[in-house]
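What the coordinates show
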Amino acid sequence: MANPTKSSGGGSAPLSAQALGYMFLLALQFGMQPILTRRFTPPTICRTTVVIMQESVKFFLALFMLTTSGTLKTALSGWSLYSWVTVACVPAALYTVQNMAALVAYQNLDAVTFNVLNQTKTLSAALCCYLIMGRRQSPVQIASLFLLLLSALVIEKIVTIGGGDEGDEGDEPIAVSARHFTHGVLPVLLASFISGLAGAITQKNLQQGTSEDGKSGGKNAVLFSAELCVASLLLLGSSLLVNDDGKKIAKNGFFDQWTVHTLIPIFTNAAGGIVVGLVTKYAGSVRKGFALIFGMLLSGVVQAALDEHEEGRAAISTEEIIGGLLASMSLYLHATNPYVPPPVQEAAKPSIGNGVSQPPRKVRKSRKED
């Protein structure tokens, strides 16, 4: 496989065809996942059972990929319990805290506010990659990240094209309480920062760490996904001992409210989890955000097409077109303007007695050397 994307200056190198392919698959999965989940997952189902099944399917899918590719033995050589705890358990614990914080924010914020604040995760990924890995962003790349944030707000119709309806001045102002900030704004910002932090830690393990066989080039991305599944399953299993979902499962059974079609979004989500690891390794956690924005655009287009016959609306709105163009422009700017470190200055030449630098001597060649 190709080497992970990186450059000597710590910034991101141009995207390879392999990285672009993984980003396309991630955008496709991310865009279709909400539609499949809404259509095939009953709202009354126990969510913990769905997550447990997703992680289990992801683990066996990763194991199948390692076995069929013939890399299982190489990936497991040098594996240890200590490496699993230090590499996989920390991101798994961070993702658990992120999900809890996002759930609290969901319950105390309106959808618009949540979506606006949640889009800061790409910025947090860039910050955490700098703090943990020393990956700098060029001024153009920083501008492209804010352009990507703007594209997400346009796609979500938080920033509308052509202005809002007249008469909005009479709307009552929204009262902002202390609970709105402590149980809404702070949790979603915490979830956004943890997303960037966990992504940076994962990227460092996948790109800069040593593989299980001691070679450089980073950890095997598929094996890492399997390790992350085991850690998540242990955390989820432990949580069932103290939360209400554990009592529901004990009373109604694990597959209560399940249908055969419930397996469809579970398999797509599990496959997406594998692709996330591959995108993080070969494109980076910052550029993963670009794939997610394109997935958001794809989700809006597909959902609009499905609703076209029912509501008579156009398949693609103006906001989706402009948002897609902004996202494409931001990805192009970020990929073609990597950070270039300043030239390293040569060390000062040794000085002679009076403190004046001694000029380099010219060595005269002999006639034989000429």
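This text gives an overview of the structure that appears in the document. (Residues numbered from 1 in each chain as written. Predicted model: local features only at pLDDT ≥ 70, side-chain atom pairs only at ≥ 80, totals over all residues. Heavy atoms only, no water.)

Some words on empty space enclosed by the protein
Following the criterion strictly, the structure yields 2 cavities of 30 Å³ or more and no others. A volume near 40 Å³ is recorded for the second largest cavity. Considering the residues around the second largest cavity, the lining is formed by Gln119, Thr122, Leu123, Leu145, Leu148, Leu149, Ala152 and Ile293. Going through the elements one at a time, helix H6 (121-133) and helix H7 (139-155) are the ones with two or more residues in the lining of the second largest cavity. The element contributing the most residues to the lining of the second largest cavity is H7, with 4 residues. Counted by class, the lining of the second largest cavity contains 6 nonpolar, 2 polar and no charged residues. (1 Å grid on protein atoms, 1.4 Å probe; cavity = no way out; pocket = protein on both sides within 12 Å on 5 of 7 lines; lining within 4 Å. Points joined across faces, edges and corners; volume = space filled by probe spheres on them. Helix = DSSP H or I, 4+ residues; strand = E, 2+ residues; numbered from the N terminus. Nonpolar A, V, L, I, M, F, W, Y, C, P; charged D, E, K, R; others polar.)

Structural notes on the nonpolar core
Leu15, Met23, Leu278, Val279 and Ile293 are the most contacted members of the largest nonpolar core, which has 45 residues in total. Setting aside residues no more than four positions away along its own chain, Val279 makes contact with Tyr22, Met23, Leu26, Gly284 and Lys288. (Core = buried A, V, L, I, M, F, W, Y, C linked by side-chain atoms within 4.5 Å. Buried < 20%, exposed > 50% of the residue type's maximum accessible area, 1.4 Å probe, protein only. Contact = heavy atoms within 4.5 Å.)

Some words on the environment of Thr318
Note on placement: Thr318 falls in helix H13 (residues 318-336). Judged by relative accessible area, Thr318 falls into the partly exposed class, the value being 47%. Taking the C-alpha atoms as reference, Thr318 lies 9.0 Å from Ile155; in sequence the two are 163 residues apart.

Some details on the side chain of Gln29
Considering the arrangement of structural elements, one finds Gln29 in helix H1 (residues 17-40). Overall, the relative accessible area of 16% leaves Gln29 in the buried class. Among all residues touching Gln29, those that are not within four sequence positions of it are Thr268, Asn269 and Gly272.

Focus on the environment of Leu235
Within the element layout of this structure, Leu235 appears in helix H9 (residues 221-239). With a relative accessible area of 36%, Leu235 lands in the partly exposed category. Taking the C-alpha atoms as reference, Leu235 lies 8.0 Å from Thr96; in sequence the two are 139 residues apart.

Overview of H9
An α-helical turn contains 3.6 residues, so any two residues separated by three or four positions project in the same direction. For H9, with 19 residues, the first-to-last C-alpha span of 27 Å sits near the 27 Å given by 1.5 Å per residue. Buried residues of H9: Ala221, Val222, Leu223, Phe224, Ser225, Ala226, Glu227, Leu228, Cys229, Ala231, Ser232 and Leu236, and no others. The residue sitting at the N-terminus of H9 and contributing the capping side-chain oxygen is Asn220; that oxygen lies 3.0 Å from the backbone nitrogen of Val222. (Expected span 1.5 Å × (residues − 1). Polar contact = N/O pair within 3.5 Å; in protein donor to acceptor, adjacent residues only side chain to side chain.)

Description of the packing of aromatic side chains
With the rule as written, the count across this model stands at 5 aromatic pairs. The interplanar angle of 80° and the centroid separation of 5.4 Å between the aromatic rings of Phe59 and Phe60 together place this pair among those described as edge-to-face. Judged by its relative accessible area of 56%, Phe60 falls in the exposed class. Taking the centre distance of 6.2 Å and the plane angle of 35° together, the rings of Phe254 and Trp258 count as tilted. Accessibility expressed as a relative area gives 26% for Phe254, which makes it partly exposed. Within the aromatic cluster, the residues linked to one another by ring pairs are Phe254, Phe255 and Trp258. Lying across the ring of Tyr282, Lys281 places its NZ or CZ 5.8 Å from the centre. (Phe/Tyr/Trp six-rings, centres within 6.5 Å; stacked < 30°, edge-to-face > 60°. Lys NZ or Arg CZ within 6 Å of the ring centre and 35° of its normal.)

What to know about the packing of helix H2 (residues 47-68) against helix H11 (residues 263-282)
Contact pair H2 / H11: the axes reach a minimum separation of 8 Å and the direction vectors enclose 55°. Considered as vectors, H2 and H11 are oriented oblique to each other. In this structure, H2 crosses over H11, and the sense of that crossing is right-handed. In this structure, H2 contributes Val50, Met53, Gln54, Val57, Lys58, Leu61, Ala62 and Met65 to the contact, and H11 contributes Pro265, Ile266, Phe267, Asn269, Ala270, Ala271, Gly273 and Ile274. Residues belonging to the contact of H2 with H11 are distributed by class as follows: 12 nonpolar, 3 polar and 1 charged. (Axes fitted to C-alpha atoms, helices over the stretch in contact; angles between N-to-C directions. Parallel < 35°, antiparallel > 145°, perpendicular 65-115°, else oblique. Left-handed = near helix turned anticlockwise from the far one by under 90°.)

Some remarks on unusual backbone geometry
Even without being a glycine, Gln257 presents a positive backbone phi close to 75°. Structurally, the position occupied by Gln257 is in the loop between helix H10 (244-252) and H11.

Side note on the environment of Gly184
By the secondary structure assignment, Gly184 is in helix H8 (residues 178-207). Gly184 gets classed as buried once you look at its relative accessible area, which sits at 0%. In sequence terms Gly184 and Leu109 are 75 residues apart; their C-alpha atoms lie 5.5 Å from each other. Once residues within four sequence positions are removed from consideration, Gly184 is found in contact with Ala105, Asn108, Leu109 and Arg179.

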